[in-house]
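Structural overview
Listed below are the residues making up each chain.
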Amino acid sequence: MAVVTGANRGIGLELCGQLSDGGYVAVLGSRDKQRGERAAAELGKPNVVPIQLDVADDHSVHSAAAWVADELGRCDVLINNAAIEYDTDQRASSADLGRVHSAMETNLFGAWRTVLAFLPLLRESAHGRIGNVSSESGSLASMGGSTPGYHTSKAALNALTLTLAAELRPDGILVNAICPGWTATDMGGGGGRPVSEGAASVMWAVELPNGGPTGGFFRDGRPVPW
C-alpha cells in the first residue's frame, strides 16, 4: 500500500496509476478531496483511493494517517510529491521571503510532517520505502540563480533525505530523493519529457529490493550529484 501526496495531477497522478498497475493500493492524497476524487475517476485504475491530505496542515496530515491505519491497516510506501512555488520570477537578492517561507512549509516541512505521521506504519512494513520527489535544481553541485524558494526548499529536502536515511536504516526503511527530470506538467510548463517517464523515475525507488540503496539522490535509477 502506497501513499502519494500532491497526487491529483501531474507526476503524482501518473504515479498512482503506475502503482495500481504494479499491484499496489494507491492512496491519492490531494488538498481538495473533490479534485482528488475527480482525478481518481478520470484515471480509471483499480485500487486508487482518494483522500484529503494537505501536507501544510498538521490536522489534515494526522487525520489522513489515522484513516489509512484504521481503514487500510498498513503503509508500505510514502511518496512526498507535493510541491509549490516554482518561483522563476524571483531572485535571491530581492526575494519575497513570504513566498520562500510558503515553499519551505510545503516542500520541506510538509514532507517532514507527513513522514512523522506515517512512520509508525512504515516501521511495521517489511517493505518500507520513502521517496522524496526532489529536483536537480536543488543540487548544490549545479545550482544557479532564479527560483530561490524552490531551489533552497529542494536542497533542504535533500538534506532531510540523508538524515532520515541514516536514522531509519536499522528499521530497513529505504529513503531516497528522486529527480523526475524536466517533465511536461503544470509546474514544469511546456516541453519536457512525458509525465509517464517522470513517474517511472519515482517508481524505481518504490520497487527497490530490500537491502537496496538508501540515502541517495537519483534520476532514472542513476545517481545525481548532491
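About the cut-offs
All residue numbers here refer to positions counted from 1 along the written sequence of the relevant chain. In view of the model being predicted, local features appear only for residues whose pLDDT reaches at least 70, and side-chain atom pairs are presented and counted only at 80 or more, with totals across whole chains, interfaces and linings using the full set of residues. Hydrogen atoms and water are omitted, and side-chain values are computed over all heavy atoms in the structure. Both site types are read off a 1 Å grid over the protein atoms alone. A 1.4 Å probe that fits but cannot get out defines a cavity, while an open set with protein on both sides within 12 Å along at least five of seven lines defines a pocket; lining residues have an atom within 4 Å of a point. Grid points are joined across faces, edges and corners, and a volume is the space filled by probe spheres set on the points. Helix and strand assignments come from DSSP, with helices taken as H or I runs of at least 4 residues and strands as E runs of at least 2, each series counted from the N terminus. Each residue gets one label: Ala, Val, Leu, Ile, Met, Phe, Trp, Tyr, Cys and Pro are nonpolar, Asp, Glu, Lys and Arg are charged, and the others, such as Gly, are polar. At least two DSSP bridges between two strands are needed for those strands to be called paired. Contacts are assigned to residue pairs with any non-hydrogen atoms lying within 4.5 Å of each other. To define axes, lines are fitted to C-alpha atoms, for helices over the stretch in contact only, and angles between the resulting N-to-C directions are given on a 0 to 180 degree scale. Exposure classes here rest on a 1.4 Å probe applied to the protein chains alone. A residue is buried below 20% of its type maximum, exposed above 50%, and partly exposed in between. The term polar contact refers here to a pair of N or O atoms within 3.5 Å; inside protein, the definition further demands a hydrogen-donor-capable atom paired with an acceptor-capable atom, and it admits residues adjacent in sequence only when both atoms are side-chain atoms. Our arc is simply the arc of the directions from the helix axis toward the C-beta atoms. Should an angle lie under 35 degrees it is considered roughly parallel, over 145 roughly antiparallel, and from 65 to 115 roughly perpendicular; all remaining angles are considered oblique. Put simply, a crossing is left-handed when the front helix is turned counterclockwise from the back one by less than a right angle, and right-handed when it is turned clockwise.

1. What to know about empty space enclosed by the protein
- On inspection of all chains with the given rule, the structure shows 1 cavity of 30 Å³ or more.
- As a volume, the largest cavity reaches approximately 30 Å³.
- Ranked by residues supplied to the lining of the largest cavity, first place goes to strand β5 (residues 129-133) with 3 residues.
- Looking at side-chain class alone, the lining of the largest cavity contains 5 nonpolar, 2 polar and 1 charged residues.

2. Quick notes on the sheet that holds strand β1 (residues 2-4)
- Taken together, the 8 strands give an open sheet; going across it, the order is β3-β2-β1-β4-β5-β6-β7-β8, and neighbouring strands pair in mixed fashion. Strands with a single pairing partner mark the edges of an open sheet, and in this sheet they are β3 (48-52) and β8 (222-223).
- Where strand β2 (residues 26-30) lies against β3, 5 bridges are found, and the strand directions are parallel. What sits directly across from Leu28, in β3, is Pro50.
- On top of the sheet, helix α2 (residues 33-43) reaches β2 and β3; it is set at about 170 degrees to β3, its chief contact.
- Strand contacts of helix α3 (residues 58-72): β1, β2 and β3, with the helix running at about 145 degrees to β3, the strand carrying the most contacts.

3. What to know about the side chain of Ser134
- For Ser134, the position within the fold is in the loop between β5 and α5 (148-168).
- Judged by relative accessible area, which is 3%, Ser134 ranks as buried.
- Here Asn158 takes part through its side chain, which lies 2.8 Å from a polar atom of the side chain of Ser134.
- With sequence-adjacent residues up to four places away left out, Ser134 is seen in contact with Lys154, Leu157, Asn158, Ala177, Ile178, Cys179, Pro180 and Phe217.

4. With respect to α2
- All of the buried residues along α2 are Gly36, Ala39 and Ala40. Looking straight down α2, one finds that the buried residues subtend no more than 100 degrees of arc, so they occupy a single side. Seen from the open side of α2, the exposed residues pointing more than 90 degrees away from its buried face are Gln34, Ala41 and Glu42.
- On its buried face, α2 sits against α1 (10-21), β2 and β3.
- The N-terminus of α2 is capped by Asp32, whose side-chain oxygen sits 2.9 Å from the backbone nitrogen of Gln34.
- Gly44, located one to two residues past α2, shows a positive phi value of around 70 degrees.

5. Examining the packing of helix α4 (residues 97-124) against α5
- The geometry of α4 relative to α5 is characterised by a closest axis approach of 8 Å and an angle of 20 degrees between their N-to-C directions. Classified by the interaxial angle, the pair formed by α4 and α5 is roughly parallel. Where α4 crosses over α5, the handedness of that crossing is right-handed. Of the residues in α5, those in contact with Val100, Ala103, Met104, Asn107, Leu108, Ala111, Trp112, Val115, Leu119 and Arg123 of α4 are Gly149, Tyr150, Thr152, Ser153, Ala156, Leu157, Leu160, Leu164 and Leu168.

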